[in-house]
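In case you want the letters, here they are:
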Amino acid sequence: MDLFNVFSKKNKNSKNIAKERLKLVLVHDRSDLSPKFLEMVKGDMIRVIEEYAEIDEEGLDIKLTRMKRESDDMPVSALVANIPIIKMKDNIK
Amino acid sequence: MGKAIVITSGKGGVGKTTATANIGTGLAMLGYKVVVVDTDIGLRNLDVVMGLENRIVYDIVDVVEKNCRLKQGLIRDKRFQGLFLLPAAQTKDKTAVKPEQMLELVNELKEEFDYIIIDSPAGIEQGFQNSIAGADEAYIVTTPEISAVRDADRVIGLLEAKGMTNPKVIVNRIRLDMVKRGNMMNVEDIIDILAVDLLGVVPDDEAIVISTNKGEPVVSEENPMSSKAFRNICRRITGEEVELLDLEDGEGKFTKLIKLLFS
């Protein structure tokens, strides 16, 4: 382990590490979603968005995560997509 | 008509049997008629934790197979009136009892007892399915570790699929010193993640080991923190509103004095 990290604040709290790891593993446990599903969603999303914009396929990232619903603070699974747009297509403007 | 409660966890070694013995004993101390049922067939242990291992004649398999009457299978506790144990069989396996038989057994017990506390085996296979078959409510025991909380989450999902919504959680073996240093998940973290109600918090306590050595559940002792925690849990089960135990109370007066002097 990096010597400097040992003393950094972030690493001090192993409970936060535990919490983050636990949240992530539970998202997968709860959803029953396979990596194949994510790949399929990714492919479809690229196809749809490419009709309107030129996107950076390499930088595209889709993941399943957990967050609190705004209306009532209940924990929900959410599909979060980060899609870098290079430029919009001319015919849309 | 009594209430049947299953104590379960998914993961092994988190304190299901200890919780069952202490909740059963604690409720009996409050004057209720209680039976604790061991469904961990092949790996029975509730008998030794209760200190009743020398009194077993018949077991749960004998009862469901009708080799004996229900009354003959029940072992009277050596100290508390109104407290009984129905032990698991040690030489059979989990398939020796079917969920339908379990449901019938629990319904029969509910006519006789106020509370039926069912100790579930680890895992999510048939033994677990048997243990929840007749239960009205489920209490999940977990510890502040990733593996235990993950398994608790899985079990909560399985219970919900069986229509047992709103299980309650007991967080066992909390170490306040580690929580304070940020090296252990605290109760809020765990409840937040599992999104269920909290029934109680039990501190990690040497007194549990000592009481298990003796075969006398810790709840019957006056002073240990874990005993207070289990007594509070029992009162909550009976519908009383009891505040969460202040784990700081466990600090010796001497330590408190030192802290006062140096603060």
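Residues numbered from 1 in each chain as written. Chains lettered and ligands numbered in written order. Predicted model: local features only at pLDDT ≥ 70, side-chain atom pairs only at ≥ 80, totals over all residues.

This paragraph deals with the overall build of chain B. Secondary structure assignment for chain B yields 12 helices and eight strands. Taking all 263 residues of chain B together, 49% fall into the buried category. Restricting the contact set of chain B to residue pairs at least 6 apart, pairs at least 24 apart contribute 74%. (Helix = DSSP H or I, 4+ residues; strand = E, 2+ residues; numbered from the N terminus. Buried ≥ 20, exposed ≤ 12 C-beta atoms within 10 Å, placed from the backbone. Contact = placed C-beta atoms within 7 Å.)

Turning to the interface of chain A and chain B, a few remarks are in order. Facing 14 residues of chain A, the contacting portion of chain B comprises 13 residues. It is helix H3 (residues 14-31) of chain A that contributes the most residues to the side of chain A that touches chain B, 11 residues altogether. Classifying every residue of the side of chain A that touches chain B by side-chain character gives five nonpolar, two polar and seven charged. (Nonpolar A, V, L, I, M, F, W, Y, C, P; charged D, E, K, R; others polar.)

As a further point, take the confidence of the model for chain B. Averaged over chain B, the pLDDT score is 94; the fraction of residues at 70 or greater is 94%. We note a pTM of 0.80 for the whole complex and an ipTM of 0.81 for its interfaces. (pLDDT = per-residue confidence, 0-100.)

All right, on to helix H4 (residues 35-50) of chain A then. Between its first and last C-alpha, H4 of chain A extends 22 Å over 16 residues, near the 22 Å set by a 1.5 Å rise per residue. Burial of H4 of chain A is sparse: only zero of the 16 residues sit out of reach of the surface. (Expected span 1.5 Å × (residues − 1).)

What follows concerns the pairing of strand S4 (residues 83-86) of chain B. All names here are of chain B. Burial of the side chains of S4 extends over both faces: Leu83 and Leu85 are buried on one face and Phe84 and Leu86 on the other. When strand S2 (residues 34-38) meets S4, the two strands line up parallel, connected through four bridges. Each residue of the ladder has a partner; that of valine 37, found in S4, is leucine 86. Where strand S3 (residues 75-76) meets S4, two bridges bridge the pair, whose relative direction is antiparallel. Across the sheet, the residue bridging to arginine 76 is phenylalanine 84, located in S4. Here S3 folds back onto S4 in antiparallel fashion, the turn holding six residues, of which glycine 82 has a positive phi close to 80 degrees. (Pairing = 2+ DSSP bridges.)

A separate point is the packing of helix H5 (residues 99-112) of chain B against helix H6 (residues 126-133) of chain B. Residue and element names in this part refer to chain B. Running from N to C, H5 and H6 point in directions that differ by 30 degrees, and their axes come no closer than 8 Å. With respect to each other, H5 and H6 are oriented roughly parallel. As for the relative orientation of H5 and H6, their crossing is right-handed in sense. When H5 is examined against H6, the residues Pro99, Met102 and Leu103 are found in contact with a partner set consisting of Gln129, Asn130 and Ala133. Of the residues that constitute the contact of H5 with H6, the class distribution is four nonpolar, two polar and no charged. (Axes fitted to C-alpha atoms, helices over the stretch in contact; angles between N-to-C directions. Parallel < 35°, antiparallel > 145°, perpendicular 65-115°, else oblique. Left-handed = near helix turned anticlockwise from the far one by under 90°.)

Each regular strand displays side chains that alternate between the two surfaces of the sheet. Residue and element names in this part refer to chain B. Within strand S7 (residues 168-174), six of the seven residues are buried, leaving the element largely enclosed by the surrounding structure. Following the backbone out of strand S6 (residues 137-142), through helix H7 (residues 146-161) and into the adjacent parallel S7, one traces a crossover that is right-handed. Pairing analysis gives six bridges linking S7 to strand S8 (residues 197-203), with the strands arranged parallel. Looking at the pairing, valine 169 lines up with leucine 198 of S8. (Right-handed = clockwise from strand over helix to strand, strands pointing away.)

What follows is about helix H1 (residues 16-29) of chain B. Residues and elements named next belong to chain B. Over its 14 residues, H1 extends 20 Å from the first C-alpha to the last, a length consistent with the 20 Å expected when each residue adds 1.5 Å. Counting buried residues along H1, 14 of its 14 residues qualify, which places the element largely inside the surrounding structure. Residue glycine 31 follows H1 closely and has a positive phi angle near 100 degrees.

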